[in-house]
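Reading the structure
Okay, here's what each chain looks like letter by letter:
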Amino acid sequence: MDRTQKSLKLLAVFAYAMLALGLILGTSYATLIMVALLIVAVVLSKQAQDDSALLPVIGAQVLYFGVKLLDVVFSVLASIVTRCDDWFGSEPTAEDLMNSWVSGNSGSSDGIETMNEVFDFIILLVSIAAIVFAVIAVINLLSGKDFGKSLVGKIAAPFVCNKEVYYCANCGNAVKGDFCGKCGTKKE
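All of the points below concern the structure found in this document. A quick note: this is a predicted structure, and the numbers were derived from the prediction, not measured.

So, on to the overall build of the chain. Looking only at helices and strands, the chain features six helices and two strands. Listed N to C, the secondary structure of the chain is α-α-α-α-α-α-β-β in terms of helices and strands. Burial analysis of the chain (188 residues in total) assigns 33% to the buried set. Put simply, of all contacts in the chain between residues at least 6 apart along the chain, 62% involve residues at least 24 apart.

Listed below in structure tokens is the structure:
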């Protein structure tokens, strides 16, 4: 394992820590940091000419943005249901409708509040599951196991463009063509 691959593993561990921190504390900068980590990981994997080294970082991204996407979907769904309840709960005037859209205030009923609480609970459970997956992924990374065979690796595999990488038998560098770019050894 060369220095770039070690750097990518370290980046992946940091990405999983950021995932947990962002989901637990709701850090507003967590999304920006996750995107920056992804960009750095892509650049490093291209430098190493090994897309499979990108898999652990992609795993953290898939978990984090999957939870965030589910949160957005539930928020939109709750907003739609709340608006419908406002509109159909009483006979609103055109001015009432306009004010409810502009201000975002609504006199939502107990059923709407219960639905929002259920959505929040589901997001909490999914966040906890993502954090558990992140802990398992970090354990796999640190123990040196093949990440592609881990649970998170299998989840993230469709998001990585995998091509088979040949490593030089002499120096261990990734070989792009028929000869090693570092030591000149012919690809076997």
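Let us keep going from here.
The grouping of Phe121, Leu124, Leu125, Ile128, Val132 and Ile136 at the surface amounts to a nonpolar patch, some 520 Å² of accessible area in total. A residue is classified by how much of its surface remains accessible, and leucine 125, at 43% relative accessible area, is partly exposed.

Counted by the stated rule, this structure contains two aromatic pairs. Relative to phenylalanine 65, the ring of tyrosine 64 lies with its centre 5.1 Å away and its plane at 85 degrees, an arrangement referred to as edge-to-face. Judged by its relative accessible area of 0%, tyrosine 64 falls in the buried class.

With that settled, the discussion passes to helix α1 (residues 3–25). Between the first and last C-alpha of α1 there are 32 Å, a value that for 23 residues agrees with the 33 Å anticipated at 1.5 Å per step. Buried within α1 we find Thr4, Gln5, Leu8, Leu11, Ala12, Ala15, Tyr16, Met18, Leu19, Ala20, Gly22 and Leu23. Trailing α1 by a residue or two, glycine 26 shows a phi angle of about 70 degrees, which is positive.

Here is a general trend for soluble globular proteins: nonpolar side chains tend to be buried in one another's company. By size, the foremost hydrophobic cluster in this structure holds 33 residues, and its most contacted members are Leu11, Tyr16, Leu19, Leu23, Met34 and Phe147. Sorting the residues of this core by element identifies α1, α2 (30–48), α3 (55–89), α5 (110–143) and α6 (151–156) as the ones contributing at least two each. Tallying contributions element by element places α1 first for this core, with nine residues. Beyond its immediate stretch of four places on either side in the chain, leucine 11 contacts Leu37, Val40, Ala41, Leu44 and Val57. Counting five residues, the second largest nonpolar core, distinct from the first, contains Phe74, Met115, Phe119 and Ile123.

Criteria and cut-off values
- Residues numbered from 1 in each chain as written.
- Predicted model: local features only at pLDDT ≥ 70, side-chain atom pairs only at ≥ 80, totals over all residues.
- Heavy atoms only, no water.
- Helix = DSSP H or I, 4+ residues; strand = E, 2+ residues; numbered from the N terminus.
- Buried < 20%, exposed > 50% of the residue type's maximum accessible area, 1.4 Å probe, protein only.
- Contact = heavy atoms within 4.5 Å.
- Patch = residues over 30% accessible without salt bridge, like charges linked within 9 Å, V, L, I, M, F, W, Y side chains within 5 Å.
- Areas by Shrake-Rupley, 256 points an atom, 1.4 Å probe, with all protein chains shown as cover.
- Salt bridge = Lys/Arg side-chain N within 4 Å of Asp/Glu carboxyl O.
- Phe/Tyr/Trp six-rings, centres within 6.5 Å; stacked < 30°, edge-to-face > 60°.
- Expected span 1.5 Å × (residues − 1).
- Core = buried A, V, L, I, M, F, W, Y, C linked by side-chain atoms within 4.5 Å.

The quantities given are spatial measurements derived from coordinates; they are silent on function.
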